[in-house]
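# Understanding the architecture of this molecule
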Amino acid sequence: MKKMLAAVLAGGALLTAGTPALAQTSAQAGAQTTAKTTLGPYGYGKVRLGMSEKQAKATRQIVLKMPSEDGLCSGWDLRAHPSGKNAVGLYISKKKGVAVISAPKGVKTPEGIGIGSTMKQIEKAYPNVRTPEDGYPSVRVPGNRKAYYAFLLEKGKVHDLLIGLNSQDCTN
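Residues numbered from 1 in each chain as written. Predicted model: local features only at pLDDT ≥ 70, side-chain atom pairs only at ≥ 80, totals over all residues. Heavy atoms only, no water.

Turning next to the sheet that holds strand 9 (residues 157–165). Sheet strands associate in pairs through backbone hydrogen bonding, adopting either a parallel or an antiparallel arrangement. Strand order in the open sheet made by the 7 strands is 3-4-5-6-9-8-7, with antiparallel pairing throughout. The sheet terminates laterally at strand 3 (62–66) and strand 7 (138–141), the two strands that pair on one side only. Across the sheet, the mean angle from the axis of one strand to that of its neighbour is 25°, orientation sign disregarded. Taken together, the 8 bridges between strand 8 (residues 144–154) and strand 9 define a ladder with antiparallel strand orientation. In the strand pairing of strand 9, Glu154 is matched with Lys157. (Pairing = 2+ DSSP bridges. Helix = DSSP H or I, 4+ residues; strand = E, 2+ residues; numbered from the N terminus. Axes fitted to C-alpha atoms, helices over the stretch in contact; angles between N-to-C directions.)

Our next topic: the packing of aromatic side chains. Centre-to-centre distance and the angle between the planes together describe a pair of aromatic rings. Under the criterion given, the structure shown has 3 aromatic pairs. Taken together, the ring pairs in this structure connect Tyr126, Tyr149 and Phe151 into an aromatic cluster. (Phe/Tyr/Trp six-rings, centres within 6.5 Å; stacked < 30°, edge-to-face > 60°.)

Now for the nonpolar core. Most often, soluble globular proteins have nonpolar side chains that are buried together. Counting residues in hydrophobic clusters, the biggest one holds 29 residues, and the most contacted among them are Leu39, Val98, Ile101, Tyr149 and Phe151. For this core, the secondary-structure elements that each account for two or more residues are strand 4 (73–78), strand 5 (90–93), strand 6 (97–102), helix 3 (119–125), strand 7, strand 8 and strand 9. By residue number, the principal contributor to this core is strand 9, which donates 4 residues. What Phe151 contacts, discounting residues up to four positions off in sequence, is Ile113, Ile122, Tyr126, Val129, Tyr136, Pro137, Ser138, Val139, Val158, Asp160 and Leu161. (Core = buried A, V, L, I, M, F, W, Y, C linked by side-chain atoms within 4.5 Å. Buried < 20%, exposed > 50% of the residue type's maximum accessible area, 1.4 Å probe, protein only. Contact = heavy atoms within 4.5 Å.)

This model, assessed by the stated rule, comprises 1 salt bridge. Here Lys65 ties to Asp77 by a salt bridge, and the two come within 3.4 Å at their closest N and O atoms. Here the residue Lys65 occupies a position in strand 3, and Asp77 occupies one in strand 4, the gap between them amounting to 12 residues. Lys65 sits in the partly exposed class, given a relative accessible area of 33%. (Salt bridge = Lys/Arg side-chain N within 4 Å of Asp/Glu carboxyl O.)

Any functional reading would require information beyond the geometric quantities listed.
Structure representation (structure tokens):
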């Protein structure tokens, strides 16, 4: 059975800079890229579930935030979306590779679920969603039998959305 996330992960915001004319162009390009980038079914952007640490680092999309203390997993952030203090944006397992990725703010699944979605919206998008007594609502990722989405709810709305390998060994 897949492990559910006990630690809370959080996403950050994309910032662009430059001269006013370039900043506008960069901001527009960034908005288009962000709008087209979804969480799932295989990861986020160039960062894919199962990639080794070396492969993930080669994307230049991640930065180390929390070295592995137990030799199993290390915590990372997506370079464009820092997660803030006491949180990480993804975990990389020594054995499994990229194991869990947290959706940055504003990012949705291909089915349209993201931060702020309600349980009713999740159930409509994912009729097979299940909530164990001691866990978070989760569902197999459509199009990727090796992965799951987990939805962390607060006051009836998603406050964190994760994609993880069913076999991940970083969180419980």
